[in-house]
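Understanding the architecture of this molecule
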Amino acid sequence: MKTKFSGLLLCALAGSGLLQAANPYLPLWEHIPDGEPYVFDDPDVKGRKRVYIYGSHDIERSAYCGRNQVVWSADVDSLDRWRYDGVIFESVSDGAGNFLRGDGRGDILYAPDVTEVTAPDGSKLYYLYPNTQNDGRTGQIAVSSRPDGPFKVCNWDASDPRRCYGILGFDPGVLTDDDGRVYGYWGFGRSHAAELDPATMCTPLKGTEVIEDMIGGFETDSLFRFFEASSIRKIKDKYVLVYSRMSAPDEWGLPAVNYTLAYAYSDAPLGPWTYGGTIIDARGRDTDAEGKTIPTTTPYGNTHGSILQIGPQWYVFYHRQTGLDEYARQAMVSPIEVTVEEGPGGKVTISEAELTSEGFELNGLDPRRRHAAGIASVTMGPEPVKHEYPLNVYSGPWFEPFYLYGKSIADPYAEDINIGRVVNCTDGSTVGWKYFNFDLLPDARNPKLLLGLIPQGIDGTIEIFTDAPWKGKAKPVGSIALRSDMAADPVVLTAPLKFKKPLSGRVPLYLVFSSPEKGKSMATLETIAFE
């Protein structure tokens, strides 16, 4: 069994049986961006497989990422029960065992990747590319006999114990092909790739060269528009490169952002590549009543992730922005469809995913459960969000970050710590959840909304919709009154919902806030449920 690491002290992980499969699918106090998902053998349960999420760790709070990398995992048949597997890597000491920094702190670690290598005897090694970019220590690689670590650096430079050898740069992605050949991908603004020597896992194979500008960068190319976040997958006989794409100015009628994941595909691991399209747009792109494209949630930020098949279902893993800056990102997932035409020149088609609150609950959220409001998938203010890098300036709702790292936790999903609040719900704001499964309600004809919130001393009304209010034709199905004399204490307010006919299947829910007092928060949303 693996020895657990200190840092986040999780005990009794079997816990109370509380489950979490909604978006974000990890506990709401955890901030794992750049998630690279893989299915590997469970090293402790013979014959079982687990999904492992390798990512950065947004715990610095005033800058991207953190000084350690952790892993969460779940059995492939229990995607609603994620387990914290501990700190798997820190870059604290050099090759000679001396501190890299005088204060003993480790390097900041950016978006990583992992690849599995099978030896002739059937044993497996896992190579972690933790992506350090400190004092020339790029290209660091660490190895372990387990997918959950611990990982130990294996490419220190013999001539300088403070540096590593290798060519992999920003946002490394690595593929070990079926024939044992290894390929590396990296880049920021420009896309680079190379076949790697399997003896080192980080240097070019003898007789090969690094490919510069493997696909076009966003400053020089009008189609691929590569920005960062190289992630490589092999699907049947095709190679699929998932990456963060900088959209073109006014593409879809919106400003340019690198808040989307796109893909390219090829018959060979190093190209040539065909552009495939967008897999996920983390802005929640939609159209209003006039057909104009609008974002339905935070429109600015970055995202990084990849695709994975778990059982028969394909998913795209990515991250969303929370807070007022770009330093509190959360792991997200959405189902996709992937089809491959095998043979030379065959097409790879990946559907564009919808940003929802569902996560792995593909049939819709259970409306009988009390959910944290922070799983909302729609947050729209009365005015467009302004971006002042790295800050977003909101006229309306945003997700309030919550942290627990470093504290003892008996159950990572316990309701009293799995807190996700939506704050700054001003006049003209909309908050929504897509979707709830109304088939699970015992009385879908006369349901009641139970909304947990903290009043902010403002008179106003919250109207409730089950159709998108920004389309211009939706009618409210209920309302909640807020009064200025309400105490600023947590309270659950109940609203009967009235429909022309009972709702069934997957149904969205939207709250629209109105008040004569403009620009002031009417309430902080805490929980949502139905009865």
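Quick note: structure is the one above.
Quick summary incoming for the structure in this document. (Residues numbered from 1 in each chain as written. Predicted model: local features only at pLDDT ≥ 70, side-chain atom pairs only at ≥ 80, totals over all residues. Heavy atoms only, no water.)

1. Quick look at the sheet that holds strand β36 (residues 460-465)
Two modes of strand pairing occur in sheets, parallel and antiparallel, and in both the strands are linked by backbone hydrogen bonds. The strand order across the open sheet formed by five strands is β28-β34-β39-β36-β37, and the pairing between neighbours is antiparallel. Either end of the sheet is taken by a strand with one partner, and the two such strands are β28 (378-380) and β37 (478-482). In this sheet, neighbouring strand axes are inclined to one another by 15° on average, regardless of whether the strands run parallel or antiparallel. (Pairing = 2+ DSSP bridges. Helix = DSSP H or I, 4+ residues; strand = E, 2+ residues; numbered from the N terminus. Axes fitted to C-alpha atoms, helices over the stretch in contact; angles between N-to-C directions.)

2. Thoughts on the pairing of strand β35 (residues 448-455)
Counting buried residues along β35, seven of its eight residues qualify, which places the element largely inside the surrounding structure. By the bridge criterion, six bridges tie β35 to strand β38 (residues 491-496) in an arrangement that is antiparallel. By the bridge assignment for β38, Leu451 is matched with Leu493. One ladder, built from seven bridges, connects β35 with strand β40 (residues 523-530); its direction is antiparallel. Paired with Gly452 across the bridge in β40 is Thr527. (Buried < 20%, exposed > 50% of the residue type's maximum accessible area, 1.4 Å probe, protein only.)

3. Looking at the nonpolar core
Within the largest apolar cluster, 38 residues are counted, with the highest numbers of intra-cluster contacts made by Trp433, Ile464, Leu509, Leu511 and Leu525. Taken together, the elements giving at least two residues each to this core come down to β34 (430-437), β35, β36, β37, β38, β39 (506-514) and β40. With residues near it in sequence (within four places) discarded, Ile464 still touches Leu449, Lys475, Pro476, Val477, Gly478, Ser479, Ile480, Ala495, Leu497, Leu509, Tyr510 and Leu511. If you look at the next biggest cluster of nonpolar residues, it comprises 28 residues, including Val240, Val257, Val340 and Val385. (Core = buried A, V, L, I, M, F, W, Y, C linked by side-chain atoms within 4.5 Å. Contact = heavy atoms within 4.5 Å.)

4. Quick look at unusual backbone geometry
Going from Gly271 to Pro272, the amide bond is cis rather than trans, its omega being 10°. Here Pro272 is to be found in the loop between β18 (260-266) and β19 (274-281). Omega for the bond connecting Lys434 with Tyr435 falls within 30 degrees of zero, at 5°, which places this linkage in the cis form. Relative to the helices and strands, Tyr435 resides in strand β34. One non-glycine residue, Asp34, adopts positive backbone phi at about 65°.

5. As for the side chain of Arg320
Residue position: Arg320 is located in strand β23 (residues 313-320). With no salt bridge to any partner, buried Arg320 finds its closest opposite charge in Asp58, at an N-O distance of 11 Å. Within polar-contact distance, the side chain of Arg320 engages the side chain of Gln330 at 2.8 Å. Of the polar contacts made by the side chain of Arg320, one reaches the backbone oxygen of Gly374; its length is 2.6 Å. (Lys, Arg positive; Asp, Glu negative; His and termini not counted. Salt bridge = Lys/Arg side-chain N within 4 Å of Asp/Glu carboxyl O. Polar contact = N/O pair within 3.5 Å; in protein donor to acceptor, adjacent residues only side chain to side chain.)

6. A short note on the pattern of salt bridges
Tallied over the full model, the rule gives 36 salt bridges. The salt bridge involving Arg48 is made with Asp77; its shortest N-O contact spans 2.8 Å. Note that Arg48 is positioned in the loop between β2 (36-41) and β3 (49-54) and Asp77 in the loop between β4 (69-75) and β5 (83-89), a separation of 29 residues in sequence. A salt bridge links Asp267 to Lys238; the shortest N-O distance between them is 3.3 Å. With Asp267 in the loop between β18 and β19 and Lys238 in strand β17 (residues 238-245), the pair connects residues that are 29 residues apart, well separated along the chain.

7. Considering the side chain of Arg329
Checked against the element boundaries, Arg329 lands in the loop between β23 and β24 (330-336). Given the relative accessible area of 3%, Arg329 is considered buried. Within polar-contact distance, the side chain of Arg329 engages the side chain of Asp58 at 2.7 Å. Polar contacts involving the side chain of Arg329 include one to the side chain of Asn302, which spans 3.3 Å. When neighbours within four sequence positions are excluded, Arg329 is seen to be in contact with His31, Ile32, Pro33, Asp34, Asp58, Tyr64, Cys65, Asn302, His319, Arg320 and Gln321.

8. So, the packing of aromatic side chains
A full pass over the atoms with the stated rule returns 26 aromatic pairs. Their ring planes at 50° and their centres at 5.1 Å tell us that Tyr25 and Trp82 sit as a pair that is tilted. On the criterion of sequence distance, the pair formed by Tyr25 in the loop between β1 (9-10) and β2 and Trp82 in the loop between β4 and β5 is long-range, its members being 57 residues apart. The residues Tyr25 and Trp82 share a single accessibility class, namely buried. Here the guanidinium or amino end of Arg61 rests over the ring plane of Tyr403, the centre of that ring lying 3.9 Å away. Looking at Arg320, its charged tip hangs above the ring of Phe399, at a distance of 3.8 Å from the centre. (Phe/Tyr/Trp six-rings, centres within 6.5 Å; stacked < 30°, edge-to-face > 60°. Lys NZ or Arg CZ within 6 Å of the ring centre and 35° of its normal.)

9. A few points about the pairing of β24
Burial of β24 is extensive: six of the seven residues sit out of reach of the surface. The pairing of β23 with β24 spans seven bridges and is classified as antiparallel. By the bridge assignment, Trp314 is partnered in β24 with Ile336.

10. Regarding the environment of Gln456
Residue position: Gln456 is located in the loop between β35 and β36. Once the C-alpha coordinates of Gln456 and Gly346 are considered, the two residues, 110 residues apart in sequence, prove to be 57 Å apart. For Gln456, the residues in contact, after removing those within four places along its chain, are Ser521, Met522, Ala523 and Thr524. A distance of 3.1 Å separates a polar side-chain atom of Gln456 from the backbone oxygen of Ile454.

11. Here we look at the sheet that holds β18
On the basis of which strands lie adjacent, the open sheet formed by four strands has the order β16-β17-β18-β19 and antiparallel pairing. Of all strands in the sheet, those with a lone pairing partner are β16 (226-235) and β19, marking the two edges. Put simply, the sheet's adjacent strands are angled 25° from each other on average, direction ignored. Pairing analysis gives six bridges linking β18 to β19, with the strands arranged antiparallel. Across the sheet, Leu261 pairs through a bridge with Ile280, a residue of β19.

12. Quick notes on the state of the cysteines
Tallied over the full model, the rule gives zero disulfides. In this structure Cys154 is a free cysteine whose sulfur lies 7.2 Å from that of Cys202, the closest cysteine sulfur available. Given a relative accessible area of 0%, Cys202 falls into the buried group. (Disulfide = S-S within 2.5 Å.)

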